[in-house]
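# Structure assessment
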Amino acid sequence: MPSLMDRFKDSIADAVAYKTVKLVKTYDKTLIMMHLFFMTCITIFTFFSMVVSHNYMKFEVPITVVTTKMDASAYLAAGSSSLSDLAYCVSPWGGNALVDYVSPGGTIFADPQCVNHLTGPEFTQVNVQDVWVNTHMRQASMRRVCVGADAAVFVEAANCELTQVYSHDAFVARPELLEFHIGISVETTYGLRAKPDELVVNFPDGTSRTTYPASDGVDLALTFGEILVLAGVQLNATSATASGSGAVFAAIRAPHRLMGLKLRAQIATTNVNSDPWRPFDTTLRTEVSIFHDATSERTGPGTQVIYGGSRTPTTAPFGTSLHTHDETFLLRDWAGTYLQYQSEGKVGVVDLLTAVTAITNAFVLIGMATFLVDFIGQIISSSFYDDKYEDDGERAILENMALQLENPCHPEVPFDPKHLRLVNDDDQPGMSYENAIYDLQAELADVRDQLSLIPEEEADFVEGGSPGRLPDHGMDGLRLVEDFSEQYVIAFKEANGGAEPTAGVIPLHPGAQMLGRGVGNVSSKACSRQQFTMTVVRDKVRMKALRDGPGYSRESTKDGGSSVGRFEQLKATKAVVLTVDDRVCFRMREGKMGGHLGIYRIETTSPAVKSWVSFFMGC
C-alpha cells in the first residue's frame, strides 16, 4: 500500500500534468442527430449574437453637441392678427377664475389678457443646453419712496414706503409659431466627430421627418407647436398635477399655458442598423424624441426686476444718490416651457480585443453542444461512457500492427513478435509467446477431444449401460490389447530363450463393462477389481475412473497432429472419451519399480471372413 507521502507526490504530479481533451468517435444515431441539432441552434445564435448584435464592436454613449437658433418671423407676421380667435384670451379680461397669486402690492391676479406686441427675445431664452419659451407673464410696477434719499448713505427700511402703481396679467399670443433650428453633432472618445447622416423625428400621427445634416448641412427645424405635439401635450389643456394656494385654483386646474411645462428632448444616436439583413450598415443615425416631465408648481425662469431710476430726475439726477436707481422698478414673473437636451444611444467602432473576446465566447458556446450531448448521452446510452473514453488513436495503431504481424518483415511494428516472452511473478522472462500459443493449441485440442461428444452421442453412452438397447451402427468391434515396452520385450526374450511375450486381449462388448484386477493379465493387488468402467458406443470408448490410479494416453490429436505419448492420470469419478490407438493404464506407478501396471491399447476386431463354400453351406 503506498505511503501518505507517495500519494501526496502523485497528487502533485497529477495537478501539474498537462491535460487535454481526447476526441473519440461514436456512431449512435440519436447522439449524432442531437449533437447536430444543438450545434445548429448554438451556431445560429452565435452568428446573430456576433453579427446582428454587433458584439465585435466597442460601444459608448456619445456626446451630443447642440446649437439652437430661433426664427420668430412667422410669429411676428401674425402679430397684427386679431386675438378674438384665441380661446385662451379672456374678453373682457379680469375676473378671478384662475386666482393663485397675490402680488407684493396686494393685487390679486385674475384671468389674463393676451399680448402680441412682444418680440421673440422678450419672452424667450435660448441657451446652450436648454431653451425657455415663456407663455404667461405677471408684471407689477413698484415705487419706493425713502425719506432722505438724497443722502450719501442707504436709508433704513423704516424710512421707505413701497407702493404698487399698477399690475398686469397676460398670456403671450401665438408662441407656437416660433421656429427653432437645432444643429446636432456627435462626438466620441475614440475620435468620431460628425453630424448625423440621418436625423429622424417621428410624430405621434405616424408621420416622420428626415433630414441629412452630414450631406446637405441642413439643421433640424421644429416649431414650438411641433415640439408640443411631439411631447403629447397642449398648452390649453389643464394640468393634472398642478397645485396652488388659492381655493379657486385648487378646484379649477390651471392650463399648461398658465402653469408652464418641463420638456426633455432625447437625442439618441447610433451607427448600427436594427435590420438583421443589414448588419454591416454603419450609417450614423439620430432620432429626436420629446418627453413631458410632470410638475406641480408654476414653472418659469424666475422673476425679473427691472429698475427705472429716480422718479424725479430733474431734482435728483441719476447717480447723485444711492437710492436714485431703484426708486421705481418693475417685477416681471414668467411661466413657460422649459426644454432641455439629453444625449442617449450607443455608437460603436470595430475593436480587436472585443472581437477576439466575442469569437472566444462563440467557441465556448459551440462547445456547449458537446457538453449537452455528453450529459444526455450518459443518461440514455449504456455504452456511451465506454465510447467516450475509448482511445481511437491507440486502437487504430493496434489494428494496423495486427495486420502487419503476418508479414515476416513486420512493417510499422516496433518489435519482433518472436521476442515477446511471458514473465513470472518475479518479472523474469520465460517461455516465448509463440511457444505458449503452440502449447495452448495442443491443450485446446485435448479439451476439444474431451468435449467432442454432441448431446446425441452422450445419450448413446447413457443407453450403452444396457446392451440390449444399444443400436447397431455397423461398426467393427473393439478390444484392449496388452502393450509391452521395448525394455520388457528384450528382458522377456532373454529370460525365455528368445520367445515373444503373449499379449493379453480383453474384448470390449457394446455397452458398459467393469475392468480391474483379474481382467487380462492384471493380477496385482495394487489394482482394484473395480478400477474403472469402459462404455463402447460405435468407434468411441468412454473411460470413467471409479478410484484414483487409472490413466490414459492419447496417441494422436483430433486434427492429426503429432503423438502426445504420455499418460495422464484420471481422477475418481472423472471420465474421458478415447478412440482407436489410444492407450489405457490400469494403475499408474510413476517412478516405481516395474513402471505402470496394465497398459493396453484400443484396437479393432475385424469380423471373420467366410469362404464361398461356407456361404453355400449356410454357415
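An account of the accompanying structure is given in this report. (Residues numbered from 1 in each chain as written. Predicted model: local features only at pLDDT ≥ 70, side-chain atom pairs only at ≥ 80, totals over all residues. Heavy atoms only, no water.)

## Considerations on the packing of aromatic side chains
Inclusion rule: When two rings of Phe, Tyr or Trp (its six-membered ring) have centres within 6.5 Å they constitute a pair, described as stacked for plane angles under 30 degrees, edge-to-face for angles over 60, and tilted for the intermediate range. Buried, partly exposed and exposed residues are distinguished by accessible area as a fraction of the type maximum, computed with a 1.4 Å probe on protein chains only: under 20%, between the cut-offs, and over 50%, respectively. Put simply, DSSP H or I for four residues or longer makes a helix, DSSP E for two residues or longer makes a strand, and each gets a number counted from the N terminus.
Inspection of every chain in the model, using the stated rule, returns 9 aromatic pairs. Between the aromatic rings of F47 and F48, the centroid separation amounts to 5.8 Å while the plane-to-plane angle is 90 degrees, which identifies the pairing as edge-to-face. Looking at F47, the relative accessible area reads 49%, which means it is partly exposed. Seen in terms of ring centroids, F532 and F586 are 5.0 Å apart; in terms of plane orientation they differ by 70 degrees. Their pairing is edge-to-face. With F532 in strand β21 (residues 532-537) and F586 in strand β26 (residues 583-587), this residue pair connects regions lying 54 residues apart in the sequence. No difference in accessibility class separates F532 from F586, as the two residues are buried. Put simply, the rings of F484, Y488 and F492 touch in pairs and so form one group of aromatic residues.

## With respect to the pattern of salt bridges
Heads up, the condition is: A side-chain nitrogen of Lys or Arg and a carboxyl oxygen of Asp or Glu constitute a salt bridge if their distance falls within 4 Å.
Tallying each qualifying case throughout the model produces 14 salt bridges. Among the salt bridges present, the one from E187 reaches R193, with a minimum N-O distance of 2.9 Å. A residue is classified by how much of its surface remains accessible, and R193, at 68% relative accessible area, is exposed. We note a salt bridge from E198 to R285, for which the minimum N-O separation is 3.5 Å. Residue E198 is located in strand β9 (residues 198-202), and its partner R285 is located in strand β13 (residues 285-293); the two are separated by 87 residues in the primary sequence. Within the structure, one salt-bridge network assembled from shared partners comprises E198, R278, D281 and R285.

## Things to note about helix α14 (residues 486-495)
For α14, a buried count of 0 out of 10 residues is recorded, marking the element as mostly open to its surroundings. Residue G497 follows α14 closely and has a positive phi angle near 65 degrees.

## Some details on a nonpolar patch on the surface
Defined as follows: Each patch is built from residues that are more than 30% exposed by relative accessible area and take part in no salt bridge. Like charges join if they lie within 9 Å; nonpolar side chains (Val, Leu, Ile, Met, Phe, Trp, Tyr) join within 5 Å. To be clear on the numbers: accessible area is Shrake-Rupley with a 1.4 Å probe, and residue cover counts the displayed protein chains and nothing else.
Residues M5, F8, I12 and V16 make up a contiguous nonpolar surface patch of roughly 430 Å² in combined accessible area. Tracing the backbone through its elements, the reader meets I12 in helix α1 (residues 4-16). Overall, the relative accessible area of 44% leaves I12 in the partly exposed class.

## Notes on the nonpolar core
Applicable threshold: Put simply, buried Ala, Val, Leu, Ile, Met, Phe, Trp, Tyr and Cys residues joined by side-chain atoms within 4.5 Å make one nonpolar core. Whether two residues are in contact is decided by their heavy atoms: any pair within 4.5 Å suffices.
One finds L178, L263, V288, I290, L339 and Y341 to be the most contacted residues of the largest nonpolar core, which totals 36 residues. At 5 residues, the largest contribution of residues to this core is made by helix α6 (residues 224-231). Those residues within four positions of V288 in sequence are excluded, and the remaining contacts are I184, L199, V200, V201, N202, L220, Q266 and I267. Counting residues in each nonpolar core, the second largest holds 22 residues, with V541, A545, V576 and L578 among its members.

## Considering the sheet that holds strand β25 (residues 575-579)
By definition, the strands of a sheet pair up through backbone hydrogen bonds, in either a parallel or an antiparallel sense. Heads up, the condition is: Should DSSP find at least two bridges between two strands, the strands are regarded as paired. Helix axes are fitted to C-alpha atoms over the stretch in contact, other axes to C-alpha atoms as well, and angles between N-to-C directions run from 0 to 180 degrees.
Reading across the sheet, the 4 strands line up as β20-β21-β22-β25 and stay open at both edges, with antiparallel pairing between neighbours. The open sheet has two free edges, formed respectively by β20 (511-515) and β25, since each of these has just one partner strand. Across the sheet, the mean angle separating the axes of adjacent strands is 25 degrees when strand polarity is ignored. One ladder, built from 5 bridges, connects β20 with β21; its direction is antiparallel. Counted as the bridge partner of G511 is V536 from β21.

## Description of the pairing of strand β19 (residues 505-508)
Only one face of β19 is buried: it carries I506 and L508, and the other face, with V505 and P507, is open. The pairing of strand β18 (residues 477-482) with β19 spans 4 bridges and is classified as antiparallel. Paired with L480 across the two strands is I506, which belongs to β19.

## Examining the state of the cysteines
The following threshold applies: Note on disulfides: each one is a pair of cysteine sulfur atoms within 2.5 Å.
Applying the stated rule across the entire model yields 0 disulfides. The cysteine C585 is free of any disulfide, with C527 supplying the nearest cysteine sulfur at 8.7 Å. Using a relative accessible area of 0% as the deciding quantity, one classes C585 as buried.

## Quick notes on empty space enclosed by the protein
The line we're drawing: With a 1 Å grid spanning the protein atoms alone, the term cavity applies to any set of points in which a 1.4 Å probe fits but cannot get out, the term pocket to an open set with protein on both sides within 12 Å along at least five of seven lines, and the term lining residue to any residue with an atom within 4 Å of a point. Grid points are joined across faces, edges and corners, and a volume is the space filled by probe spheres set on the points. Classes in brief: Ala, Val, Leu, Ile, Met, Phe, Trp, Tyr, Cys and Pro nonpolar; Asp, Glu, Lys and Arg charged; the others, Gly included, polar.
On inspection of all chains with the given rule, the structure shows 1 cavity of 30 Å³ or more. In this structure, the largest cavity occupies an estimated 30 Å³ of space. Along the walls of the largest cavity sit V131, V133, F180, F224, I227, L263, T337 and L339, which together make up its complete lining. Mapped onto the lining of the largest cavity, the elements with two or more residues apiece are β5 (130-146), α6 and β15 (328-350). A breakdown of the residues in the lining of the largest cavity according to their chemical character gives 7 nonpolar, 1 polar and no charged.

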